[in-house]
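Inside the fold
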Amino acid sequence: MSSRIEQIIEEIEEYVESCKYQPLSTTKIVVNKEELEELLRELRLKTPDEIKRYQKIISNKDAILADAQSKADSIIAEAKAKAQEMVEQSEVMQAAYAQANETINNANQQAQGILDAATNDANSIRLGAISYTDDMLANLSEIMTNTLNDAGEKYNSFIGALTNCYNIVNQNRSELSPQVASADEQEASAEDLTEAAPEISFDEEE
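Counting restarts for each chain, with residues numbered from 1 along the sequence as it is written. Restriction of local features to residues with pLDDT of at least 70 applies here, the model being predicted, together with a cutoff of 80 or more for giving and counting side-chain atom pairs; totals for whole chains, interfaces and linings are based on all residues. The basis for every side-chain value is the complete set of heavy atoms in the structure, and neither hydrogens nor water enter the calculation.

Secondary structure follows DSSP: runs of H or I at least 4 residues long count as helices, runs of E at least 2 residues long count as strands, and numbering of each begins at the N terminus. Scanning the chain from N- to C-terminus turns up three helices and two strands. For the chain, the succession of helices and strands along the chain, N to C, is α-β-β-α-α. Here a residue-residue contact requires only that any non-hydrogen atoms of the pair lie within 4.5 Å. Here the contacts in the chain between residues at least 6 apart in sequence split such that 73% fall between residues at least 24 apart.

Below, the structure written as structure tokens:
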């Protein structure tokens, strides 16, 4: 059974696959910001719980080893008791000691085998949990990187468009500057001619 965080990552992947490409591009896509942010918000909320769950699995390693140690100690104690009983009851002490030692050795081997198996199981669980958590965080990091790159590209595109508009305005002003100066000169010349014209008066005949 997959966890909710795996489902969210699958939903994000499916959403990214369903997005349309930007015009004239085969790599850039158009995303719905609110939809993607909602998925990322739920992923952010679920991530701590998932990590805690796998930390709990890792912590079970001590319990597994303790149970294995208890079983091993029980086997050794039982083997020693049997060996002691055999020594006490046997008429041939040497044979009894040899058999007792063999029993104890077998018990030690069984106990060591249980401990080794338990240690391997615990380490496998721990490594599996760590690997899964790392994969999950790697997927999250990749999604966040793509989101940041996309936002940066949109910002750069906006700045480029604004810069083009600014350059066009300045160019238009530059083109208009000579015409504005010429109009001012013509207006000044007309005023000078008006001031220089002689005044003509007509006297009434007496």
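The subject of this paragraph is unusual backbone geometry. Phi angles above zero are rare outside glycine, and L24 is one such case at about 60 degrees. Note on placement: L24 falls in the loop between strand 1 (20-21) and strand 2 (29-30). Under the relative-accessibility criterion, L24 is labelled exposed at 91%. Accessible area is worked out with a 1.4 Å probe on protein chains only. A residue is then buried under 20% of its type maximum, exposed over 50%, and partly exposed in between.

Time to look at helix 1 (residues 4-18). Every helix has an expected span of 1.5 Å times one less than the residues it contains. With 15 residues, helix 1 should cover 21 Å at 1.5 Å per step; its first-to-last C-alpha distance of 21 Å lies within 8% of that length. Those residues of helix 1 that sit buried are I5, I8, I9, I12 and Y15. Buried residues along helix 1 cover an arc of 120 degrees about the axis, so they all sit on one side. Opposite the buried face of helix 1, at more than 90 degrees from it, the exposed residues are E14, E17 and S18. Note: the arc covers the axis-to-C-beta directions of the helix.

Take a nonpolar patch on the surface next. Each patch groups residues whose relative accessible area exceeds 30% and which form no salt bridge, using 9 Å between like charges and 5 Å between nonpolar side chains of Val, Leu, Ile, Met, Phe, Trp and Tyr. Values of accessible area rely on a 1.4 Å probe in the Shrake-Rupley scheme; residue burial ignores everything except the protein chains shown. Basic side-chain nitrogens of Lys or Arg form a salt bridge, by our definition, when they fall within 4 Å of a carboxyl oxygen of Asp or Glu. Taken together, the side chains of Y155, F158, I159 and L162 present a nonpolar region at the surface, about 420 Å² in accessible area. Residue classification places I159 among the partly exposed positions, given a relative accessible area of 34%.

The subject of this paragraph is the side chain of T47. Here T47 lies in helix 2 (residues 33-89). On the basis of relative accessibility, which here comes to 9%, the residue T47 falls in the buried class. Setting aside residues no more than four positions away along its own chain, T47 makes contact with I5, M136 and L137.

Think of pLDDT as the predictor's per-residue confidence, scored from 0 to 100. The predicted model of the chain has a mean per-residue pLDDT of 79, with 83% of residues at 70 or higher. Here helix 3 (residues 93-196) stands out as the least confident element of the chain, with mean pLDDT 79; helix 1 is the most confident, with 88.

Another point: the nonpolar core. Joining through side-chain atoms within 4.5 Å is the link that ties buried Ala, Val, Leu, Ile, Met, Phe, Trp, Tyr and Cys residues into a set, and such a set is a nonpolar core. The biggest cluster of nonpolar side chains holds 14 residues, and the ones touching the most others in it are I5, I12, Y15, L36, L40 and L43. Elements supplying a minimum of two residues to this core: helix 1, helix 2 and helix 3. Broken down by element, the residue count for this core peaks at five residues, all from helix 1.

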